[in-house]
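Single-letter residue listing:
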Amino acid sequence: MTFDEVIGQEEVKQRLLQMVREERVPHALMLCGSAGCGKMALALAMASELLSIGSAQQSANTQAMLQSMQHPDLHFTYPTIKLPSMGSEHQPVSSDFATEWRELLMKSPYFSMDDWMTAMGAANQQAIITGAESDELARQLSLKSSQGGYKVSIIWLPERMNLTSANKLLKLLEEPPRQTVFIMLCEEPECLLETIRSRTQRIDVHRISTEAVEKALVQRRGLDEETAHRVARVANGSWLQAIETLSMGNENRGFLDMFIMLMRLAYSRNIKELKRWSETVGGYGREKQKRMLTYFMQQVRENFMSNFDVPDLNYMTQDEEEFSKKFGRFINEANIIDITELMDKAQRDIAQNANSKVVFFELALQMIILLRQK
């Protein structure tokens, strides 16, 4: 992966390259940004720059190993799950899923937690970074660099570390192995220990510009300019969202159906069918439930903004727009805050392993009241 392959993010690219050119690379970087903005692509490009420092022959070998994601001085840490086949005492570590991880990266450095959970074969589970993972990382980084240069540790979603893992990583950051660079890719930095955040140099990776997404859609996906422009606006700075929008069977289409059903049933006060709806979504995996609630909150926002009749403020697909034309007026100043807070609370409850069917039925019942507020 090179910086030329990263979509947009010119400012961050130049900042990272300047660090390498001036030989002022901090021992720990933290790239913060939402899913789909290109944090992993930037991290892989930075790793390629650092691991390519050396002779021409060494650089050629390095590029070959990086292309296959098998460079011995490039280490990955990421959330994992416990499979039924694992022993009761076994704590899962990244190496347990190295093949699946490599295959995912080879497809594209732009992927979501859902993509990763699918690759691992997860069911109704939440992925975390275990204490055993930090022990394994410390062991790997204690070894001498195989190429005589940098060692790079890319940690994807460090906010998913349990407390044991976080404390062990903190010790590594306090006493970093020689010529080791940590690159943490974070979506919720506020969930990390303050002591960890304070030992990293933070770089905020903003959403990709609409122009950069549009250009990439034309060049990489062969879209005409008009279609690329519409998709880029809906993507709202996320390459993942752009690709999902192009997919006819994308997950958001199903989420839209469930959103429409919830709102129609709540407005008509059909409690029996709302209970059936809550049982259906209660059967989803927790990660999918959290993504669905994030999508619901986005649609609440878009329907509210549609009342102002300013197209530039809306980011909806054609199907979403069609529903919003009739439904948007029911999301207004009287209920927008309460509805958003209700869904945010439901998302927190799901994350804390509450009974999901109860959570969604309560949400549905409260929605009956909120939609009638004017």
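Look up a bit, the structure's there.
As the structure is a computational prediction, the values presented were derived from the model and not from experiment.

What counts and how
- Residues numbered from 1 in each chain as written.
- Predicted model: local features only at pLDDT ≥ 70, side-chain atom pairs only at ≥ 80, totals over all residues.
- Heavy atoms only, no water.
- Buried < 20%, exposed > 50% of the residue type's maximum accessible area, 1.4 Å probe, protein only.
- Helix = DSSP H or I, 4+ residues; strand = E, 2+ residues; numbered from the N terminus.
- Pairing = 2+ DSSP bridges.
- Arc of directions from axis to C-beta.
- Contact = heavy atoms within 4.5 Å.
- 1 Å grid on protein atoms, 1.4 Å probe; cavity = no way out; pocket = protein on both sides within 12 Å on 5 of 7 lines; lining within 4 Å.
- Points joined across faces, edges and corners; volume = space filled by probe spheres on them.
- Nonpolar A, V, L, I, M, F, W, Y, C, P; charged D, E, K, R; others polar.
- Axes fitted to C-alpha atoms, helices over the stretch in contact; angles between N-to-C directions.
- Phe/Tyr/Trp six-rings, centres within 6.5 Å; stacked < 30°, edge-to-face > 60°.
- Lys NZ or Arg CZ within 6 Å of the ring centre and 35° of its normal.
- Salt bridge = Lys/Arg side-chain N within 4 Å of Asp/Glu carboxyl O.
- Core = buried A, V, L, I, M, F, W, Y, C linked by side-chain atoms within 4.5 Å.

**Q** Kindly report on the pairing of strand β3 (residues 151-156), identifying the contributing residues and their values.
**A** Taking burial as the measure, the six residues of β3 include six buried ones, the bulk of the element. Side chains of β3 alternate between two faces, with Lys151, Ser153 and Ile155 and Val152, Ile154 and Trp156 buried alike. As defined by bridge partners, strand β2 (residues 74-77) adjoins β3 across four bridges and the pair is classed as parallel. Following the sheet pairing, Phe76 is matched in β3 by Ile154. Taken together, the six bridges between β3 and strand β4 (residues 180-186) define a ladder with parallel strand orientation. Its bridge partner lying in β4, Ile155 is registered against Met184.

**Q** Give me the lowdown on helix α4 (residues 98-107), citing residues and values where you can.
**A** Residues Trp101, Leu104 and Leu105 constitute the buried set of α4. Down the axis of α4, the buried side of the element spans an arc of 95°, and every buried residue falls inside it. Close packing links the buried residues of α4 with α2 (39-51), β2, α5 (113-120) and β3.

**Q** Could you give me a rundown of empty space enclosed by the protein, with the residues and numbers involved?
**A** Within this structure, the stated rule accounts for three cavities of 30 Å³ or more. Computed from the structure, the largest cavity encloses a volume of approximately 120 Å³. As for the largest cavity, its lining consists of 13 residues, and the residues nearest its centre are Lys39, Met40, Pro109, Phe111 and Trp156. For the lining of the largest cavity, the class distribution of residues is eight nonpolar, three polar and two charged. What the second largest cavity holds in volume is close to 40 Å³. Broken down by element, the lining of the second largest cavity gets its largest block of residues, three residues, from helix α6 (residues 131-142).

**Q** Break down the sheet that holds strand β5 (residues 201-204) for me, with residues and values.
**A** Pairing in this open sheet of five strands is parallel, and the strands run β2-β3-β4-β1-β5 from one edge to the other. On the outer flanks of this sheet lie β2 and β5, each paired with one strand and no other. Taken over all neighbouring pairs, the strand axes of this sheet differ in orientation by 20° on average, direction set aside. The strands that helix α1 (residues 10-21) touches are β1 (28-32) and β5; relative to β5, the one it contacts most, it runs at about 155°. Sitting on the sheet, helix α7 (residues 163-174) touches β1, β3 and β4, and the angle it makes with β4 is about 140°.

**Q** Give me the lowdown on the packing of aromatic side chains, citing residues and values where you can.
**A** Inspection of the entire model under this criterion finds 18 aromatic pairs. Here Phe259 and Phe327 contribute two aromatic rings whose centre-to-centre distance is 6.1 Å and whose plane-to-plane angle is 90°, an arrangement assigned as edge-to-face. Linking Phe259 in helix α12 (residues 251-267) with Phe327 in helix α15 (residues 318-327), this pair joins segments that are 68 residues apart in sequence. Exposure class is identical for Phe259 and Phe327. Each is buried. Aromatic side chains Trp277 and Phe296 sit 6.5 Å apart centroid to centroid with 25° between the ring planes, which places their arrangement in the stacked category. One end of the pair, Trp277, is in helix α13 (residues 271-282); the other, Phe296, is in helix α14 (residues 286-306), with 19 residues separating them in the sequence. Both residues of the pair, Trp277 and Phe296, count as buried. Counting every residue linked through ring pairs, the aromatic cluster contains Phe259, Tyr267, Trp277, Phe296, Phe323, Phe327, Phe330 and Phe360. Cation over ring: Lys288 sits above Tyr284, and NZ or CZ is 4.4 Å from the ring centre.

**Q** Report on the pattern of salt bridges, specifying residues and quantitative values.
**A** In the structure shown here, the tally under the stated rule is 20 salt bridges. In this structure, the salt-bridge partner of Glu22 is Arg24, at a minimum N-O distance of 3.9 Å. For Glu22, a relative accessible area of 41% gives the class partly exposed. We classify Arg24 as exposed; its relative accessible area is 62%. One salt bridge connects Lys290 with Glu287, and the closest N-O pair in it is separated by 3.7 Å. One end of the pair, Lys290, and the other, Glu287, are both in helix α14, three residues apart, so they sit about a helical turn from each other. For Glu287, a relative accessible area of 7% translates into the label buried. Within the structure, one salt-bridge network assembled from shared partners comprises Arg160, Glu287 and Lys290.

**Q** Break down the nonpolar core for me, with residues and values.
**A** Core analysis: the biggest nonpolar cluster contains 63 residues, and Met46, Ile154 and Trp156 have the highest contact counts within it. No other element matches the ten residues that α2 contributes to this core. Ignoring any residue separated from it by four or fewer positions in sequence, one finds Trp156 in contact with Met40, Thr77, Tyr78, Pro79, Trp101, Phe111, Ser112, Met113, Trp116, Ile129 and Leu185. Grouped together as the second largest cluster of nonpolar side chains are 39 residues, Ile260, Phe330, Ile336 and Ala364 included.

**Q** Could you give an account of unusual backbone geometry, naming the residues involved and the relevant values?
**A** Positive phi outside glycine occurs at Gln179, with the angle close to 50°. Among the structural elements, Gln179 can be located in the loop between α7 and β4. Unlike most non-glycine residues, Arg269 shows phi in positive territory, near 60°. The topology assignment puts Arg269 in the loop between α12 and α13.

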